Amino acid sequence: MGNSYAGQLKTTRFEEVLHNSIEASLRSNNLVPRPIFSQLYLEAEQQLAALEGGSRVDNEEEEEEGEGGLETNGPPTPFQLHPLPEGCCTTDGFCQAGKDLRLVSISNEPMDVPAGFLLVGVKSPSLPDHLLVCAVDKRFLPDDNGHNALLGFSGNCVGCGKKGFCYFTEFSNHINLKLTTQPKKQKHLKYYLVRNAQGTLTKGPLICWKGSEFRSRQIPASTCSSSLFPALESTAAFPSEPVPGTNPSILMGAQQAGPASDHPSLNAAMGPAVFNGKDSPKCQQLAKNNLLALPRPSALGILSNSGPPKKRHKGWSPESPSAPDGGCPQGGGNRAKYESAGMSCVPQVGLVGPASVTFPVVASGEPVSVPDNLLKICKAKPVIFKGHGNFPYLCGNLNDVVVSPLLYTCYQNSQSVSRAYEQYGASAIQPISEEMQLLLTVYYLVQLAADQVPLMEDLEQIFLRSWRESHLTEIRQYQQAPPQPFPPAPSAAAPVTSAQLPWLASLAASSCNDSVHVIECAYSLAEGLSEMFRLLVEGKLAKTNYVVIICACRSAAIDSCIAVTGKYQARILSESLLTPAEYQKEVNYELVTGKVDSLGAFFSTLCPEGDIDILLDKFHQENQGHISSSLAASSVTKAASLDVSGTPVCTSYNLEPHSIRPFQLAVAQKLLSHVCSIADSSTQNLDLGSFEKVDFLICIPPSEVTYQQTLLHVWHSGVLLELGLKKEHMTKQRVEQYVLKLDTEAQTKFKAFLQNSFQNPHTLFVLIHDHAHWDLVSTVHNLYSQSDPSVGLVDRLLNCREVKEAPNIVTLHVTSFPYALQTQHTLISPYNEIHWPASCSNGVDLYHENKKYFGLSEFIESTLSGHSLPLLRYDSSFEAMVTALGKRPRDEVRHILLKLCSKHYAAALMAVSGLPQMKNYTSVETLEITQNLLNSPKQCPCGHGLMVLLRVPCSPLAVVAYERLAHVRARLALEEHFEIILGSPSSGVTVGKHFVKQLRMWQKIEDVEWRPQTYLELEGLPCILIFSGMDPHGESLPRSLRYCDLRLINSSCLVRTALEQELGLAAYFVSNEVPLEKGARNEALESDAEKLSSTDNEDEELGTEGSTSEKRSPMKRERSRSHDSASSSLSSKASGSALGGESSAQPTALPQGEHARSPQPRGPAEEGRGPGEKQRPRASQGPPSAISRHSPGPTPQPDCSLRTGQRSVQVSVTSSCSQLSSSSGSSSSSVAPAAGTWVLQASQCSLTKACRQPPIVFLPKLVYDMVVSTDSSGLPKAASLLPSPSVMWASSFRPLLSKTMTSTEQSLYYRQWTVPRPSHMDYGNRAEGRVDGFHPRRLLLSGPPQIGKTGAYLQFLSVLSRMLVRLTEVDVYDEEEININLREESDWHYLQLSDPWPDLELFKKLPFDYIIHDPKYEDASLICSHYQGIKSEDRGMSRKPEDLYVRRQTARMRLSKYAAYNTYHHCEQCHQYMGFHPRYQLYESTLHAFAFSYSMLGEEIQLHFIIPKSKEHHFVFSQPGGQLESMRLPLVTDKSHEYIKSPTFTPTTGRHEHGLFNLYHAMDGASHLHVLVVKEYEMAIYKKYWPNHIMLVLPSIFNSAGVGAAHFLIKELSYHNLELERNRQEELGIKPQDIWPFIVISDDSCVMWNVVDVNSAGERSREFSWSERNVSLKHIMQHIEAAPDIMHYALLGLRKWSSKTRASEVQEPFSRCHVHNFIILNVDLTQNVQYNQNRFLCDDVDFNLRVHSAGLLLCRFNRFSVMKKQIVVGGHRSFHITSKVSDNSAAVVPAQYICAPDSKHTFLAAPAQLLLEKFLQHHSHLFFPLSLKNHDHPVLSVDCYLNLGSQISVCYVSSRPHSLNISCSDLLFSGLLLYLCDSFVGASFLKKFHFLKGATLCVICQDRSSLRQTVVRLELEDEWQFRLRDEFQTANAREDRPLFFLTGRHI
């Protein structure tokens, strides 16, 4: 076989494979060789490999043992085929001929390499540091894509020159590899060898074997050695905690049973290079297409396998330690402690993430002293990021620097993938070099703008892209083909050396205007750091933002660090490294030490006119008696309007009613369906059927406002009344017990909740965790838990063992930001996540709502070019001032923002109040806010105003701001004009009395004690809300919110959750009725001669760069982009109309006048223009508007007339409008009315606009840029930030989020790519990605902020409660008995009213009531008897067949504890009864045949019993063979109350799920024998649903039969069994008559049983009272079975329940009448009376008549009743009559059920008997025209009862001798019906009856011949006339055996 055909792939493939397979099977004891044909035909393409990689790893390729190997149980045994020849060399590194093969030894020696061969480096496990050289035929090596290598081997030894090695096994022996496993060329042929320029042989690129990387992915899952991506590098910090690396199932939540390429997204994210070594076009396409297409199943990790490996993995141990990975510093415990401080060694993802430390990282070498006065000189603390190598000790003034290990961690992370591969001996994938990392970092820093801050996410993506590029090109340069052009990556051509690095870094930094400064060190980083400190102190780094220090002196590696020295960047980064607690602590310290006060003097210098306070005092004294006339006038007017009219009119103010919106209803239904799916799953984790009611507890963060807000929600929703928790008058105190504020007092309340849940197992408790992303701190890992009991409270309460294990508690987490709950360790199954639905799909609104939600995406959309309303803006002048003030020391910077903002507001208020010179010391935006704040109340007759939200996260600073603004307001005498509210989480809302009075009047509240407790109750109040707290806690804001001033939010918001949380404050519902228009718009402006005109050109002077002011025109202000509010707004306006246009006097006009324009597209140069740069006036941007001709024009010179204060209405108006038109870039779309009409026009309330437009949001520039910038897919950059501070990325090698991802896909992304930090409460949940790691009763509801989640989950509680009630209720038939008026009124009544059982002698004297009273037979024919006088009135029109079911009346009844249940019920008590138990297998059953002969059928009947093992005691089996002999029957004399004597048979079809076969509760736990009678084709499905029930399977011939066949077989089988039991027990000495002969035949819809209790005044009295109660079936059965003369009764039954039951119906305890639904049958007495096995309908009526005519007793117990459940599936409705012609879909009507014989009628696919019965029911008047409505002359029906419809009466007679029949001598019949008559019917019998002239006859027979024979035998032609055309048949084909009839007329 060999290699003789090596070159001929097609011809040799089979031999090669066969040979290898045989060889492998011979050599291996424990390896099952892979089938040959799968080797031949399963091509290892990448996509295919992804599907079957797991099996190939196990069966084709040996797992790697790694260098050094996994531990084995003994010394390694060399894998050798033959014993070595004596005398051969066995030295490692030499061949058997003794020649040296080591690359280092022979690299310069000439070698003989035949054509077509390549030199290859072989890796020997015994020489890990050496490569052995060999020559291999290149056809047996893979191509560029890892494919097309011939199977087998052909190689030569370059040492001794021996050639022609055909097997790698043989060759490996020759070169002394000494392997312990089967030799594989893929495993040991590692590198191509190439000669360099000097001719020396060197190691070249890797050989890219297919599957080798898959193998290394597979092993971590099973060998438990190390995680592929070390998610934590803190082994030293937490020695007791297992590191994720030691966890076998951490592989990014993917399916651990298979390789990484099971997941296309992972494949692409890792880069095709990881798997192929070269990026083929196919792989590139895969990467493009699938980078973001996350595989849903893989993220769920359903099939994960972290158990022990296959048997060939030796030495596996669950505790095996992790291999040293790059993430853990090697400097020992001290070093780890220094760097981690418990948490900072985790790979933090942003430079701006919390939980970092501020002390130095591990150091080595000589210490570096930090200068004493560094902070004072630099004005900011430099932030030093440790990079590669060793970091020196720092000493001296350590408080003035911040040292962080984040960059070090990032560098380590970016090498983790390749390192993980190397650990397993796979081909060494070169990680990105340290030099390259540093160079890329420099490149990144160079391109950052002056106002940007570096982000780790950006850097990680840069490393990832670069690594991909360099790796993909690594092999190409060594190919024999011409070199391909490389992408322009610095390392593409040759790697960067450490010597080149400083030069390249300096070169890169040379282009950035000294923004990045590179310092090269000769010996260590210490000298570089010292140099940097020296330069900082000397002020030589004033323009430098980043200093890169490189020490490349060591030969092995480089040392590096990066210092951030830019004041802005250093401030942002150092703040972001603080946790919120640390931040607050620092602020408090600075407030206490008085550092803030030192800023006062500094701010005074910013105001040349003097200190603001002095100006305020001066203004106050001047205006003490007469406040600014404009303001005074408005307040006087307002007061007058209040006093005179009492109730001023404003149509805009209406508090929204608390109604449920369609969206909320949809979400509630989704929540309900998820809860139901948990209950329906086979895990038995939630038994909804066992709960009777719902209770709940809502847990919220410790915010008083949120608490009150939630209380109000619960109060108004009515959920407590709905749940029946509070039936009496509800008070606030009662509501409070359902809302839990998670503060220090929460534990007591929560314990009460747990106690309540424990005591009420039949109540379902829903534990709602609102704002669930807050406080995810783990109780175990929390360092502060001792000191602060409120930290970690969520984990302590909601994750406690009692909550997790309680079967009646469902936990629902509700949040707008679910990311921290979507990690690899989450407790919430992805199937239990409910995301708020999208409002529209494919442009179609899914839910019609009159309001449109305006959230983050809509805000971002508003900033896009061409949009008229940029609602997100930044204040460029404010930013410029911050930059100018940034020269202050860093400690004061956080206060500078607040001081500056307070000064802006103070100056703006002063400017509006009459100090126009102050306009220069505020920004246009702040001026606009204050003008609208003060002006809005004047435009409403009631004084409604707008709210301004000023966000100050730090509570102490918020107090400072509050005091400052309150002081300014007081000095300006504005206390009555607007309120200032300090909003703090810990305190409630405090509002002044004056404003409370206004609110009470507006909201029509009469309670004088009322105070607003939520922000929503501040609707319409003009106010500034200073909103503090590091995080908002879910507080909702009113619709009057107009401005969200977020300029002061700090850098900690550079995490996705924090950022979206801040922006969520502005989320809003706008009215759908008036869409936001995009055109330009003018608004009528209110005029006031005394009001400040904000259109003066002097407004544009702004103090920047300290105190220097630059004069700028309005046109110069418009710069940068339109979202800069300075360029997009008109400074302010004369009227003070806001961007929202609050002061508009045009009711119909839409707001946003200033923004009503399309911003012009700008070029890149213009886009990036800084705040201080000027822009040329755009004079030609469009025709001026009609009003702009009055304008002075946008002249740069200040307008003197305006400056002097001599303002007129006209000037004010026109200048404002001119500025609008000239700066907008488009003409105004509407012409303002003449100036004279303005004052007279009706004012418009600001609330009118509030419902039509969202608030305007001001952001810091840094945050603004982050929010509006998008990636290539259009995803905002903010979305790709670290999702939450409590989690971290699992790996740097992850795909990016995509804009097209749904919420579900985002969840799966985070579940795959994030892991919780040690402080996270989910950190300990280590079963990540596996189903058993999820908590089964935990759900997560996520939706945008302020969208209505609270209303949705409260609605969910309501619908859940309704459903539980519905589960405990059932619809039962509630119909009055029919034909009561036709009941005979003879004197024969059962008068012994108090008899418990019927007296036999009395009962025999009762006449039989032929009339059917069961309401289900309302459409059935009346049965005549000689007792009744039948009136010939019409009994009403018959129903349509399809209406018969629909129109039946039902009543909803609560299930009692004695109800029968369907398969959906599973409580603890009946688990065993049902045969379901989570811990056990389904009950085993055996199939038994049972045969008996029956003469009427003329053949033996073969039945089958399915008998579960647990029920075998009910049967008798033959001892040797185990054959079923009989079913055990009890004795008549048995008196035990422990069991029911009568076996119960329930025939059923089509109701395997819904049939009520669970009689455990109905029988009250008593032992009973219950047999389900099913058709053969349904056997399997019934057995599946009812594994512990006995089944009687009917023969297959009855598959299409009706209920008559089942009843027939039940009765015949029971009689046969009675005979068998009599014979069996007779041998035991028991008399035959002592065997119990009764059986129960019950419908499958009997649900409950009742008993009537009668209280009669006396024995004979007709006056009595009665009541009905529910009892068990056991009670009823034992009562009936105990009847003294029961053996004399043939048939016993119960009344059918009805709420309309009359006293007369229950007065007599027993009736002799028809019985239905639930009968007790004496099979002994009825031995000779059979059911008709052909019948489908009315078979019970037919049988009752046969039993009575046989002279047997039927007794109905009227005091017992049975309730029948309405079941809409199965039963007789399962028979559908359709055409046999398949393409004929038309409905078949009953008239088509019969046809003339031999006609071309369409045949039907239905049994002939069913067609006959249905036809006669609807169209019998065609056969019996005289009988229609002729009740005095019924149709004579012999030996059968067929339903001829309600319009025709029948008279039943039996032809059997000695039968009981009514006297017919005086009756004239209108028809005769002979149905399949037997030999008992003779001509003489028929001659006894008399017929009307013209009466009709119908004879029905099985075939035409028997039809003719019957006519002759009965001599019918003597009295009846027949015609040929009067013959008919059912519409069946011949093979379906139709029935034939003949009709005739009486002569």
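Residues numbered from 1 in each chain as written. Predicted model: local features only at pLDDT ≥ 70, side-chain atom pairs only at ≥ 80, totals over all residues. Heavy atoms only, no water.

### Details of the overall build of the protein
Selection criterion: We count a stretch as a helix when DSSP gives it H or I for four or more residues in a row; a strand needs E for two or more, and each element gets its number in order from the N terminus. Any residue under 20% of the maximum accessible area for its type is buried, any over 50% is exposed, and the rest in between are partly exposed; the area is computed with a 1.4 Å probe on protein chains only. Residue contacts follow a heavy-atom distance rule, with two residues in contact if any of their heavy atoms lie within 4.5 Å.
If you tally the helices and strands in the protein, you get 58 helices and 58 strands. Counting all 1947 residues of the protein, 61% fall into the buried class. Pairs at least 24 residues apart make up 76% of the contacts formed inside the protein by residues separated by at least 6 positions.

### Topic: the side chain of His1831
Definition in use: Here a polar contact is taken to be a pair of N or O atoms separated by no more than 3.5 Å, where protein atoms must pair a possible hydrogen donor with a possible acceptor and residues adjacent in sequence count only if both atoms sit in side chains.
Mapped onto the fold, His1831 is located in the loop between α56 (1808-1819) and β53 (1835-1838). Given the relative accessible area of 3%, His1831 is considered buried. Here the side chain of His1831 touches Ser1849 through a polar contact of 2.5 Å, side chain to side chain.

### A word on the environment of Val548
As for its position among the elements, Val548 is in strand β11 (residues 546-551). C-alpha of Val548 to C-alpha of Val564: the two residues are 16 residues apart in sequence and 8.8 Å apart in space. Filtering out sequence-adjacent residues up to four positions away, Val548 remains in contact with Leu438, Val442, Leu445, Val516, His517, Val518, Ile519, Cys561 and Ile562.

### Structural notes on the packing of helix α21 (residues 580-592) against helix α36 (residues 955-971)
In plain terms, the rule: Axes here refer to lines fitted to C-alpha atoms; in helices the fit is confined to the stretch in contact. Angles between the N-to-C directions go from 0 to 180 degrees. An angle below 35 degrees is read as roughly parallel, one above 145 as roughly antiparallel, one from 65 to 115 as roughly perpendicular, and any other as oblique. Classification convention: Asp, Glu, Lys, Arg as charged; Ala, Val, Leu, Ile, Met, Phe, Trp, Tyr, Cys, Pro as nonpolar; all other residues, Gly among them, as polar.
Look at α21 against α36: their axes get within 8 Å of each other, and the N-to-C directions meet at 45°. Classified by the angle their axes make, α21 and α36 are oblique. In this structure, α21 contributes Gln584, Val587, Asn588 and Leu591 to the contact, and α36 contributes Ser955, Pro956, Leu957 and Val960. Looking at the contact of α21 with α36 residue by residue, the class counts come to five nonpolar, three polar and no charged.

### Comments concerning the pairing of strand β55 (residues 1868-1875)
Operational definition: Two strands are counted as paired when DSSP detects at least two bridges linking them.
Buried residues dominate β55, accounting for seven of its eight residues. Summarising the sheet, β53 and β55 pair through four bridges and their orientation is parallel. Across the sheet, residue Ser1837 finds its bridge partner in β55, namely Leu1873. The sheet contact formed by β55 and strand β56 (residues 1890-1901) spans seven bridges and is parallel. Residue pairing across strands places Leu1872 opposite Leu1897, the latter belonging to β56.

### Remarks on the environment of Phe117
As for its position among the elements, Phe117 is in strand β1 (residues 117-124). A C-alpha to C-alpha distance of 6.0 Å links Phe117 and Ala135, two positions 18 residues apart in sequence. Once residues lying within four places of it in the same chain are set aside, the contact partners of Phe117 are Ala135, Val136, Asp137, Lys138, Ser154, Gly155 and Asn156.

### Observations regarding the pattern of salt bridges
The condition is simple: A pair is scored as a salt bridge if a Lys or Arg side-chain nitrogen falls within 4 Å of a carboxyl oxygen belonging to Asp or Glu.
Under the counting rule described, the total for this entry stands at 50 salt bridges. Between Asp1724 and Arg1622 there is a salt bridge, with the nearest N and O atoms lying 3.0 Å from each other. Of the two residues, Asp1724 is situated in the loop between β48 (1718-1722) and α55 (1739-1749) and Arg1622 in helix α52 (residues 1603-1626); the sequence distance between them amounts to 102 residues. Residue classification places Arg1622 among the buried positions, given a relative accessible area of 12%. We note a salt bridge from Arg1695 to Glu1668, for which the minimum N-O separation is 3.3 Å. Here Glu1668 lies in strand β45 (residues 1664-1671) and Arg1695 lies in strand β46 (residues 1691-1696), a separation of 27 residues in the sequence.

### Some words on the packing of aromatic side chains
To keep it simple, the criterion reads: Aromatic pairs are defined between Phe, Tyr and Trp rings, using the six-membered ring for Trp, whenever the two ring centres lie within 6.5 Å; interplanar angles under 30 degrees are classed as stacked, those over 60 as edge-to-face, and all others as tilted. For a ring to carry a charge above it, either NZ of a lysine or CZ of an arginine must fall within 6 Å of the ring centroid while also lying within 35 degrees of the normal to the ring plane.
Enumeration over the complete set of coordinates arrives at 38 aromatic pairs. Relative to Phe1757, the ring of Phe1710 lies with its centre 5.2 Å away and its plane at 85°, an arrangement referred to as edge-to-face. Of this pair, Phe1710 sits in strand β47 (residues 1710-1711) while Phe1757 sits in strand β49 (residues 1754-1764); the two residues are 47 residues apart in sequence, bridging distant segments of the chain. With a centroid separation of 6.1 Å and 75° between ring planes, the pair formed by Phe1869 and Phe1889 is classed as edge-to-face. A residue pair is termed long-range when its members are at least 10 positions apart, and Phe1869 in strand β55 and Phe1889 in the loop between α57 (1883-1886) and β56 qualify at 20 residues. The exposure class assigned to Phe1869 is buried, which follows from its relative accessible area of 0%. Each member of the aromatic cluster is reached from another via a ring pair, and the members are Phe1869, Phe1885, Phe1889, Phe1891 and Trp1920. Across from the ring centre of Tyr408, 3.6 Å away, lies the NZ or CZ of Lys386, which sits over that ring.

### As for the sheet that holds strand β51 (residues 1794-1795)
In space, the eight strands of this open sheet follow the order β34-β54-β53-β55-β56-β58-β57-β51, with mixed pairing throughout. Both outer strands of the open sheet, β34 (1422-1423) and β51, are each paired with one neighbouring strand and no more. Against the sheet, α56 touches β51, β55, β56, β57 (1920-1930) and β58 (1940-1946), its axis set at about 120° to β57.

### Observations regarding the sheet that holds β1
Strand order across the open sheet formed by five strands is β3-β2-β1-β4-β5, with antiparallel pairing between neighbours. Sheet topology places β3 (155-156) and β5 (201-206) at the edges, where each strand pairs with a single neighbour. Strand direction decides the pairing type here: strand β2 (residues 127-137) and β3, joined by two bridges, are antiparallel. Residue pairing for β3: Val136 is matched across the bridge by Gly155.

### Comments concerning helix α18 (residues 500-509)
The cut-off we apply is this: Taken from the helix axis, the directions to the C-beta atoms give the arc we talk about.
The complete set of buried residues in α18 reads Leu501, Pro502, Leu504, Ala505, Ala508 and Ala509. When α18 is viewed along its axis, its buried side chains cluster within an angular range of 165° and face the same direction. Buried residues in α18 make contact with α16 (434-446), β10 (516-521) and β11.

### Some words on the pairing of β1
In terms of burial, β1 is largely enclosed, as seven of its eight residues are buried. Counted between consecutive antiparallel strands, the loop separating β1 from β2 contains two residues. Direction of pairing for β1 relative to strand β4 (residues 189-195): antiparallel, over a ladder of three bridges. Bridging from a neighbouring strand, Val122 pairs with Leu189 of β4.

### Some points on the packing of helix α23 (residues 612-622) against α36
Look at α23 against α36: their axes get within 9 Å of each other, and the N-to-C directions meet at 30°. For the element pair α23 / α36, the angle class is roughly parallel. Contacts between α23 and α36 involve Ile612, Asp613, Leu616, Asp617, Phe619 and His620 from the former and Arg964, His967, Val968, Ala970 and Arg971 from the latter.

### Topic: the side chain of His674
With respect to the secondary-structure elements, His674 resides in helix α25 (residues 662-680). Judged by its relative accessible area of 16%, His674 falls in the buried class. At a separation of 3.2 Å, a polar atom in the side chain of His674 contacts the main-chain carbonyl oxygen of Tyr831. In this structure His674 touches Tyr831, Asn832, Glu833, Ile834 and Leu1339, once residues within four positions along its chain are discounted.

### Section: helix α58 (residues 1904-1913)
Turn by turn, an α-helix covers 3.6 residues, leaving residues three or four places apart pointing in a common direction. Among all positions of α58, only Ser1906, Leu1907, Thr1910 and Val1911 are buried. Looking straight down α58, one finds that the buried residues subtend no more than 145° of arc, so they occupy a single side. Structural note: α58 exposes Gln1909 and Val1912 on the side pointing more than 90 degrees away from its buried face. Summarising the contacts, the buried residues of α58 are in contact with β56, β57 and β58.

### Here we look at the environment of Leu665
Inspection of the secondary structure assignment puts Leu665 in helix α25. C-alpha separation for the pair Leu665 and Phe1356, spaced 691 residues apart in sequence, amounts to 7.8 Å.

### A closer look at the confidence of the model for the protein
Applicable threshold: On a scale of 0 to 100, pLDDT captures the predictor's confidence in every residue.
Here the protein shows a mean pLDDT of 76. Residues at 70 or above account for 70%. Note on residues 212-363: pLDDT under 50 across the span, and 394 contacts to partners over four residues away in sequence or across chains. Scored below 50 in pLDDT, residues 1429-1445 shows 35 contacts in the model against residues more than four places distant or in partner chains.

### Examining unusual backbone geometry
Its identity as a non-glycine residue notwithstanding, Asp514 has a phi of 65°, on the positive side. Along the chain, Asp514 falls in the loop between α18 and β10. Judged by its relative accessible area of 36%, Asp514 falls in the partly exposed class. The backbone of Leu1876 sits at a positive phi, close to 45°, despite the residue not being glycine. Note on placement: Leu1876 falls in the loop between β55 and α57. Taking relative accessible area as the criterion, Leu1876 reaches 27% and is therefore assigned partly exposed.

### Things to note about the state of the cysteines
Definition in use: When the sulfur atoms of two cysteines come within 2.5 Å, that pair is taken as a disulfide.
Evaluated as defined, the whole model comprises zero disulfides. Cys561 takes part in no disulfide bond, and the closest cysteine sulfur, belonging to Cys521, lies 7.6 Å away. What makes Cys561 buried here is its relative accessible area of 1%.

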